[in-house]
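Read off the chains here:
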Amino acid sequence: MAVRAVRGAVQLERDDAGHMDQQVGALLTAVLERNGLTADDLISIWFTATPDLHSDFPAAAARKLGIVDVPLICAQELDIAGAMPRVVRILAHIESDRPRADINHVYLGAAAALRKDIAQ
């Protein structure tokens, strides 16, 4: 079984804990479904949030989905002028037999503009 990395992002409409849970939960669910994964395939997940998000930790949404025994960490994105606001990004390390080229990176909604080259 190989170790792979999956990228993803979602832009929130507002800085609200419930909305963050919903949107980050949808992102994580899409990553798992589009790559044929379960929580047992996860090694770790890095979450980043833009500096304008303060309502909650993005990793809290993973815990609410039942991802409870996977190491998670949150960090703040660089504060770059002109960057897309209210974005949560993930970098998930997984165990998978899929070739690297067959990994589906997931960019939901407006966040698809961040990586048009790999967004599904």
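Every chain begins its residue count from 1, and numbering advances along the sequence as written. Given that this is a predicted model, residues contribute local features only at a pLDDT of at least 70 and side-chain atom pairs are listed and counted only at 80 or more, while totals for whole chains, interfaces and linings are drawn from all residues. Only hydrogens and water are set aside when side-chain values are computed; all heavy atoms of the structure are taken into account.

Can you help me understand the overall build of the chain in this one?
Looking only at helices and strands, the chain has 2 helices and 5 strands in total. Helices and strands appear in the chain in the N-to-C order β-α-β-α-β-β-β. For this measure, only C-alpha atoms enter the radius of gyration; the expected value for a globule follows 2.2 Å times N^0.38, where N is the number of residues. A compact globule built from 120 residues would reach a C-alpha radius of gyration of about 14 Å, and the chain, at 14 Å, matches this within 12%. The dimensions of the chain, computed from C-alpha atoms along their principal axes, are 40 × 30 × 20 Å. For each residue, the accessible area found with a 1.4 Å probe, counting protein chains only, is set against the maximum for its type, and the residue is called buried under 20%, exposed over 50%, and partly exposed in between. Burial status across the chain gives 41% buried among its 120 residues. Put simply, DSSP marks the helices as runs of H or I at least four residues long and the strands as runs of E at least two long, and each gets a number from the N terminus on.

Any chance you could explain the nonpolar core here in plain terms?
Nonpolar side chains in soluble globular proteins tend to be buried together. For our purposes a nonpolar core is just a set of buried Ala, Val, Leu, Ile, Met, Phe, Trp, Tyr and Cys residues, chained together by side-chain atoms within 4.5 Å. Ranked by size, the top nonpolar core spans 29 residues in total, and within it Leu42, Ile45, Phe47 and Val88 carry the most contacts. Of all the elements in the fold, those that place two or more residues in this core are strand S1 (2-11), helix H1 (17-34), strand S2 (42-49), helix H2 (59-64), strand S4 (87-96) and strand S5 (106-108). The biggest single contributor to this core is H1, with 7 residues.

For this particular structure, what's the right way to read the side chain of asparagine 35?
Its location among the elements puts asparagine 35 in the loop between H1 and S2. Whenever a nitrogen or oxygen atom comes within 3.5 Å of another N or O atom, the pair is scored as a polar contact, on the condition that within protein one atom can donate a hydrogen and the other can accept it, and that pairs from neighbouring residues in sequence are kept only if both atoms are in side chains. Of the polar contacts made by the side chain of asparagine 35, one reaches the backbone oxygen of valine 31; its length is 3.0 Å. Two residues qualify as a contact provided that any one of their heavy atoms is within 4.5 Å of a heavy atom in the partner residue. Setting aside residues no more than four positions away along its own chain, asparagine 35 makes contact with Val6, Arg98, Asp102, Ile103 and Asn104.

In this structure, what is going on with the environment of methionine 1? I would like to understand it.
Counting through the fold element by element, methionine 1 comes out in the segment before S1. Between the C-alpha atom of methionine 1 and that of arginine 98, which follows or precedes it by 97 residues, the distance is 8.9 Å. The residues touching methionine 1, leaving out its near neighbours within four places in the chain, are Glu95, Ser96 and Asp97.

Explain the pattern of salt bridges here, please?
Between side chains of opposite charge, pairing is possible as soon as their charged atoms come close. Salt bridges are identified by distance alone: a Lys or Arg side-chain nitrogen within 4 Å of an Asp or Glu carboxyl oxygen. Under the counting rule described, the total for this entry stands at 3 salt bridges. Here aspartate 21 makes a salt bridge to lysine 64, at a shortest N to O gap of 2.5 Å. Placement of aspartate 21 in helix H1 and of lysine 64 in helix H2 is noted, with a sequence separation of 43 residues between them.

It is not clear to me how the pairing of S2 should be interpreted in this structure. Could you clarify?
Where a strand is regular, its side chains alternate between the two sheet faces. Burial runs high along S2: 6 of the 8 residues are buried. At least two DSSP bridges between two strands are needed for those strands to be called paired. With 7 bridges connecting them, S2 and S4 associate as antiparallel partners. Looking across to S4, one finds that threonine 48 is bridged to arginine 89. With 5 bridges joining them, S2 and strand S3 (residues 72-76) adopt parallel strand pairing. Paired with tryptophan 46 across the two strands is isoleucine 73, which belongs to S3. When the strands point away from the viewer, a crossover counts as right-handed if the route from the first strand across the helix to the second turns clockwise. Viewed along the sheet, the connection from S2 through H2 into S3 turns out right-handed.

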